[in-house]
Number of protein chains: 2
Amino acid sequence: MRLSTKGQYGLRAVVDLADRYGQGPIPLNTVAQREEISEHYLEQLMSQLRKAGIVVSIRGAQGGYQLARPPEEITIAEVIEILEGPIVPVDCLASDDGCSRSTICATQGLWKRLADAMQEVLGSTTLADLVEENQRIRRQSQDGYMYYI
Amino acid sequence: MRLSTKGQYGLRAVVDLADRYGQGPIPLNTVAQREEISEHYLEQLMSQLRKAGIVVSIRGAQGGYQLARPPEEITIAEVIEILEGPIVPVDCLASDDGCSRSTICATQGLWKRLADAMQEVLGSTTLADLVEENQRIRRQSQDGYMYYI
DNA sequence: TCAATCCCAAGTGTTTTACTCGGGATTACA
DNA sequence: TGTAATCCCGAGTAAAACACTTGGGATTGA
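Nothing here was measured: the structure is a model prediction, and the numbers come from that model. (Residues numbered from 1 in each chain as written. Chains lettered and ligands numbered in written order. Predicted model: local features only at pLDDT ≥ 70, side-chain atom pairs only at ≥ 80, totals over all residues. Heavy atoms only, no water.)

A. Structural detail: the protein's contact with DNA strand C. By nearness alone, 25 residues border DNA strand C, and Glu43, Ser57 and Tyr65 of chain A together with Ser38 and Gln44 of chain B come closest of all. The contact atoms of DNA strand C, taken as those within 4 Å of the protein, divide so that sugar and phosphate hold 60%. A distance of 3.3 Å is found between a base oxygen of DNA strand C and a backbone nitrogen or oxygen belonging to Ala61 of chain B. Elements with a contribution of two residues or more to the surface near DNA strand C: helix 3 (39–51), strand 1 (55–58) and strand 2 (64–67) of chain A together with helix 1 (5–19) and helix 3 (39–51) of chain B. Of the residues assigned to the surface near DNA strand C, the class counts are 9 nonpolar, 12 polar and 4 charged. (Near = heavy atom within 4 Å. Polar contact = N/O pair within 3.5 Å; in protein donor to acceptor, adjacent residues only side chain to side chain. Helix = DSSP H or I, 4+ residues; strand = E, 2+ residues; numbered from the N terminus. Nonpolar A, V, L, I, M, F, W, Y, C, P; charged D, E, K, R; others polar.)

Given below as structure tokens:
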């Protein structure tokens, strides 16, 4: 039940872009450095996100990536689905035909409820929400507003 | 974000046992046949569930497995955690120390909310609930109460 | 022109998955 | 007392997924 690094890295990268939305294209290597991700690996993830219409790229010198839409119009569910596939706990929910056991399988209702709960959380959060959270964290650490337990 | 077959098979197997709770030990091969799971593979899963105190085994002829507790006292979350590890979307929530980025990582709050949502669904459903669902399904198909779309 | 950037396909070592295989220990029952 | 039915255990394995790396090519601003 874990996300792979694709989802984690990819999301961190688009949050990074969201944080700089409106500032023109951001080169991939700066994102990779800030987020501590292998540049070439991140490139593959960005390629998927570009084909899916989450980001746009500008080639050549002074080029880079930027969000294709404002941060408040991109949900986390969208980003994760592109990189990890449908947000479901079992395959039989993802495919149309379902599984052969569907008429006798009591667990299917459970998996459906789980999928809905996951979709609810990820679909109701946008990149703008995470940017805001980021800024809150930064403000706190800047104000010395940290609790050392 | 998918369960492996361990979680799916293991859960199906304990639901099968829950369905026959109080009828004495059930040999593994009958469970494996009913649930269409490789017997040797299921054996490994049952071994984990036994060590974790979900099922008890009785060796020798006429032996088998049965639930260690009544179905209404075993949650799905328990079973899945034994077979798949902690129910969290990212590793840094599972370990105590967390990750090095925790103070600057906006996504951590999101993953926490996702983990809570998943735990809520799986922790509030018991084996008894799934047995009931099973019986409902059986009743319906028996009564010809099926919708062919 | 050339350096910065994106674009793309292929290769690679490691880990996980989903099993199989072979045998040993225990116990009810004839 | 034998023997068949069970559980118990460790090792082996083929295939897939993961997390990258490598090596180039195409575009474009200065």
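Text resumes after the structure shown.
B. Layout of the environment of Ala94 of chain B. Within the secondary structure, Ala94 of chain B is located in helix 5 (residues 91–94). Judged by its relative accessible area of 34%, Ala94 of chain B is partly exposed. Ignoring anything within four residues of it in the chain, the contact list for Ala94 of chain B reads Arg2 of chain A together with Pro86 and Val88 of chain B. (Buried < 20%, exposed > 50% of the residue type's maximum accessible area, 1.4 Å probe, protein only. Contact = heavy atoms within 4.5 Å.)

C. Local environment of the protein's contact with DNA strand D. Taken together, 25 residues lie near DNA strand D, and His40 and Gln44 of chain A together with Glu43, Ser57 and Tyr65 of chain B sit nearest. In DNA strand D, the atoms that sit within 4 Å of the protein are 59% sugar and phosphate, with bases accounting for the remainder. Residue His40 of chain A places a side-chain N or O atom 3.2 Å away from a base oxygen belonging to DNA strand D. For the surface near DNA strand D, the secondary-structure elements that each account for two or more residues are helix 1 (5–19) and helix 3 of chain A together with helix 2 (28–35), helix 3, strand 1 (55–58) and strand 2 (64–67) of chain B. Residues that form the surface near DNA strand D fall into these classes: 9 nonpolar, 12 polar and 4 charged.

D. The interface of chain A and chain B, seen in detail. Taken together, the contacts link 39 residues of chain A with 39 residues of chain B. Buried surface at the junction of chain A and chain B, summed over both partners, amounts to about 3,600 Å²; 65% is from carbon and sulfur atoms. A per-residue breakdown of the area chain A buries against chain B is headed by Met1, Arg2 and Arg101 of chain A, which together make up 23% of the total. In this structure, the connection of chain A to chain B is made through 2 salt bridges. For Arg2 of chain B, the salt bridge is made with Asp91 of chain A, and the minimal N-O distance between the two is 2.4 Å. Counting the contacts that link chain A with chain B gives 10 residue pairs in polar contact (both at pLDDT 80 or more). At the level of elements, helix 1, helix 2 (28–35), helix 4 (76–84), helix 5 (91–94), helix 6 (107–123) and helix 7 (127–142) of chain A are the ones that each hand at least two residues to the side of chain A that touches chain B. (Buried area = accessible area lost by both parts, 1.4 Å probe. Salt bridge = Lys/Arg side-chain N within 4 Å of Asp/Glu carboxyl O.)

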